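Topology and contacts: notes
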Amino acid sequence: RIIYQNRAGIGSLHSGGKIPLGLQRKGLRILVTGGAGFVGSHLVDRLIARGDSVIVVDNFFTGRKENVMHHFGNPRFELIRHDVVEPLLVEVDQIYHLACPASPVHYKHNPVKTIISFSSLFIFIAAHKTNVVGTLNMLGLAKRVGARFLLTSTSEVYGDPLEHPQKETYWGNVNPIGVRSCYDEGKRTAETLTMDYHRGAGVEVRIARIFNTYGPRMCIDDGRVVSNFVAQALRKEPLTVYGDGKQTRSFQFVSDLVEGLMRLMEGEHVGPFNLGNPGEFTMLELAGVVQETIDPNAQIEFRPNTADDPHKRKPDISKAKELLGWEPKVPLRKGLPMMVQDFRQRIFGDHKEDSS
Ligand code: NAD
Ligand code: UDP
Ligand code: UDP
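Residues numbered from 1 in each chain as written. Chains lettered and ligands numbered in written order. Predicted model: local features only at pLDDT ≥ 70, side-chain atom pairs only at ≥ 80, totals over all residues.

1. Focus on the overall build of the protein
From N to C terminus, the protein includes eleven helices and 13 strands. Contacts spanning at least 24 positions in sequence make up 79% of the contacts within the protein whose residues lie at least 6 apart. (Helix = DSSP H or I, 4+ residues; strand = E, 2+ residues; numbered from the N terminus. Contact = placed C-beta atoms within 7 Å.)

2. Digging into the site of ligand 2
Around ligand 2 sit Pro-87, Leu-88, Leu-89, Leu-136, Asn-137, Gly-140, Leu-141, Lys-143 and Arg-144, and those are all the residues in its vicinity. In terms of residue class, the shell around ligand 2 is made up of five nonpolar, two polar and two charged. (Near = placed C-beta within 6 Å. Nonpolar A, V, L, I, M, F, W, Y, C, P; charged D, E, K, R; others polar.)

3. With respect to the site of ligand 3
With respect to spatial proximity, 16 residues lie near ligand 3, and among them Arg-224, Val-225, Asn-228, Thr-240 and Tyr-242 are the closest. Here the shell around ligand 3 takes three residues from strand S8 (residues 239-242), the largest share from any one element.

4. A short note on the packing of helix H7 (residues 225-234) against helix H9 (residues 283-293)
As a packed pair, H7 and H9 sit with axes 10 Å apart at the nearest point and diverge in direction by 40 degrees. Here H7 lies oblique to H9, going by the angle between them. Seen from above, H7 lies across H9 with right-handed handedness. Where H7 abuts H9, its residues Val-225, Phe-229, Val-230 and Ala-233 lie against Met-283, Leu-286, Ala-287 and Val-290. Residue composition of the contact of H7 with H9, grouped by class: eight nonpolar, no polar and no charged. (Axes fitted to C-alpha atoms, helices over the stretch in contact; angles between N-to-C directions. Parallel < 35°, antiparallel > 145°, perpendicular 65-115°, else oblique. Left-handed = near helix turned anticlockwise from the far one by under 90°.)

5. Remarks on the pairing of strand S2 (residues 53-58)
Among the six residues in S2, six count as buried, and that is most of the element. Chirality of the crossover, the property in question, places the unit of strand S1 (residues 29-33), helix H2 (residues 38-50) and S2 among those that are right-handed. Pairing of S2 with strand S3 (residues 77-81), which is carried by five bridges, proceeds in the parallel orientation. When the sheet's bridge partners are listed, Asp-58 is paired in S3 with Arg-81. (Buried ≥ 20, exposed ≤ 12 C-beta atoms within 10 Å, placed from the backbone. Right-handed = clockwise from strand over helix to strand, strands pointing away. Pairing = 2+ DSSP bridges.)

6. Re the environment of Thr-33
Along the chain, the position of Thr-33 falls in strand S1. By C-beta crowding, Thr-33 is classed as buried, having 29 other C-beta atoms within 10 Å. Not counting residues within four places of it along the chain, the set of residues in contact with Thr-33 comprises Val-57, Val-84, His-97, Leu-98, Ala-99 and Met-138.

7. So, the confidence of the model for the protein
Do not read the predicted coordinates in detail wherever pLDDT is low. This prediction gives the protein a mean pLDDT of 87; 85% of its residues lie at or above 70. Low pLDDT, under 50, characterises residues 1-20; the stretch is placed with 30 contacts to residues that sit more than four places away or in other chains. Below a pLDDT of 50 lies the segment residues 109-118, which in the model reaches 13 contacts outside its immediate sequence neighbourhood of four places, other chains included. (pLDDT = per-residue confidence, 0-100.)

8. Overview of the nonpolar core
Counting 84 residues, the largest nonpolar core has Ile-95, Phe-149, Val-230 and Leu-261 as its most contacted members. Ranked by residue count, the leading element in this core is helix H5 (residues 120-145), at eight residues. Not counting chain neighbours up to four residues away, the residues in contact with Ile-95 comprise Leu-31, Met-138, Leu-141, Ala-142, Ala-147, Phe-149 and Leu-150. (Core = buried A, V, L, I, M, F, W, Y, C linked by C-beta atoms within 7 Å.)

9. Observations regarding the environment of His-97
Along the chain, His-97 falls in strand S4 (residues 94-97). On the basis of neighbour count, His-97 is assigned to the buried category, with 30 C-beta atoms found within 10 Å. Residues within four places of His-97 in sequence aside, it is in contact with Thr-33, Thr-135, Met-138, Phe-149, Leu-150, Leu-151 and Thr-152.

10. Considering the packing of H2 against helix H8 (residues 254-266)
When two helices pack together, you describe them by how their axes are tilted relative to each other and by the distance separating the axes. Two elements in contact, H2 and H8, have axes separated by 10 Å at closest approach and are oriented at 65 degrees. Along this stretch, H2 crosses H8, giving a crossing that reads as right-handed. Every residue of H8 that contacts H2 at Val-39, His-42, Leu-43 and Arg-46 is listed here: Val-254, Ser-255, Leu-257, Val-258, Leu-261 and Met-262. Its residues placed into classes, the contact of H2 with H8 shows seven nonpolar, two polar and one charged.

11. As for the sheet that holds S3
Ordered in space as S3-S2-S1-S4-S5-S6-S11, the seven strands form an open sheet in which the pairing is parallel. Here the strands that pair on one side only, and so sit at the sheet edges, are S3 and strand S11 (273-275). Shown here is a sheet whose adjacent strand axes are inclined to one another by a mean of 20 degrees, direction ignored. Note that strand S5 (residues 148-154) and strand S6 (residues 205-210) share six bridges and pair parallel. Note that in S6 the partner of Thr-152 across the bridge is Ala-208. Along the sheet, H8 makes contact with S4, S5, S6 and S11, crossing S6 at roughly 160 degrees.

12. Looking at the environment of Ala-320
Turning to its location among the elements, Ala-320 is positioned in helix H10 (residues 318-324). Taking C-alpha positions, Ala-320 is 9.8 Å from Ala-208, a pair spaced 112 residues apart along the chain. Not counting residues up to four positions away in its chain, the partners in contact with Ala-320 are Gly-260, Phe-273, Asn-274, Leu-275 and Trp-326.

So, in structure tokens, the structure goes:
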């Protein structure tokens with residue numbers, strides 16, 4: 001705590017009730033676990049731009065060096081290949097804990113194709129171990145060095161929700177023995193551990209519950225719906241709609257999420273806070289937006305849905321609005337083209353602007 005204030009150089013975060021953001025604070029040492037992943041790498045960009053020193057810890061399970069390569073050579077940036085399931089000794093002021101084999105789709109949608117060299121069992125265990133043992137280690141680290149700890153939890157803790165839209169007070173409807181439970185129950189345990197370290201050991205903690213997020217640097221073939229549809233439309237393949245396509249999700253652009261995570265870390269509230277875009281779409285509507293954005297002639301192909309697929313999901317973000325002064329700014333029709341441009345370059349290797 002003292003280390004934190006000294007490094008921040010701006011006195012206590014609890015004074016004045018004002019959220020110090022953006023360029024006002026510089027020179028913190030920040031650990032980002034999972035920082036070579038999709039969300040983590042965008043967060044690292046913002047932290048480095050703000051003047052902080054960033055240590056990324058990643059085992060490259062789903063992350064890629066390419067996502068952070070532009071910081072190589074910057075003395076304020078360090079990349080460590082490490083699995084957070086093993087103990088870690090570093091000295092930092094803040095920990096953003098994102099490490100997680102994040103995409104349940106790795107086993108949920110396409111266990112054979114996506115997993116090239118690991119068995120599905122390995123993935124389940126890795127997800128659970130990372131969420132439980134990895135989170136425990138990072139909390140132990142936070143306790144030892146007096147760092148503030150932020151957990152990136154997920155809307156999956158609400159399961160197949162019986163309350164709509166979901167508020168943070170809702171306890172969820174989760175199948176503890178289902179195919180996605182290593183992910184959603186793993187994150188629920190991670191939330192429990194986080195609150196235990198907060199109450200029991202006085203660790204300063206923050207909990208974000210992140211709703212479906214998309215944007216540049218998303219894994220191309222991990223089977224999530226936005227990345228699937230965009231890659232399929234670009235490759236002139238049919239868009240695969242699972243089930244009847246009437247299930248809903250609410251899609252948030254990654255820059256909005258990063259802003260929310262930073263506000264949460266810098267603010268004075270533990271949470272949990274829903275961070276998501278309340279704009280709700282059925283999968284068929286999403287397919288329509290992808291057609292508008294990339295290829296109006298793209299075909300739609302229906303496929304059977306996966307087990308335990310939540311029927312609807314939409315965040316109630318009043319708490320984040322009120323206490324963090326945060327709300328998303330980028331609607332789907334604005335965010336999608338930015339992702340398409342990145343996907344086009346990665347799939348075809350060309351550097352043309354998206355002209356469609
Ligand atoms: P991602 O897969 O791109 O990033 C996760 C990173 O963690 C990867 O770089 C991966 O290599 C790394 N990692 C995995 N296991 C690790 C381990 N044991 N040790 C060290 N590193 C490890 O996923 P993302 O979309 O960027 O997600 C980031 C965080 O946000 C995750 O915790 C995820 O659960 C949460 N989240 C994301 C979404 C979303 O829609 N993207 C939604 C809800 C929650
Ligand atoms: N830990 C870590 N880095 C540290 C301090 C702790 O990785 O700097 C790990 C440690 O190995 C342990 C976990 O965090 O497995 C929990 O630590 P804590 O001190 O809370 O529990 P204890 O070690 O007393 O069981
Ligand atoms: N989905 C789909 N086609 C795809 C991939 C997913 O219709 O190619 C559906 C999936 O069944 C689910 C929704 O899209 O109802 C969101 O799936 P995703 O895996 O992206 O996120 P999550 O289920 O974790 O919210």
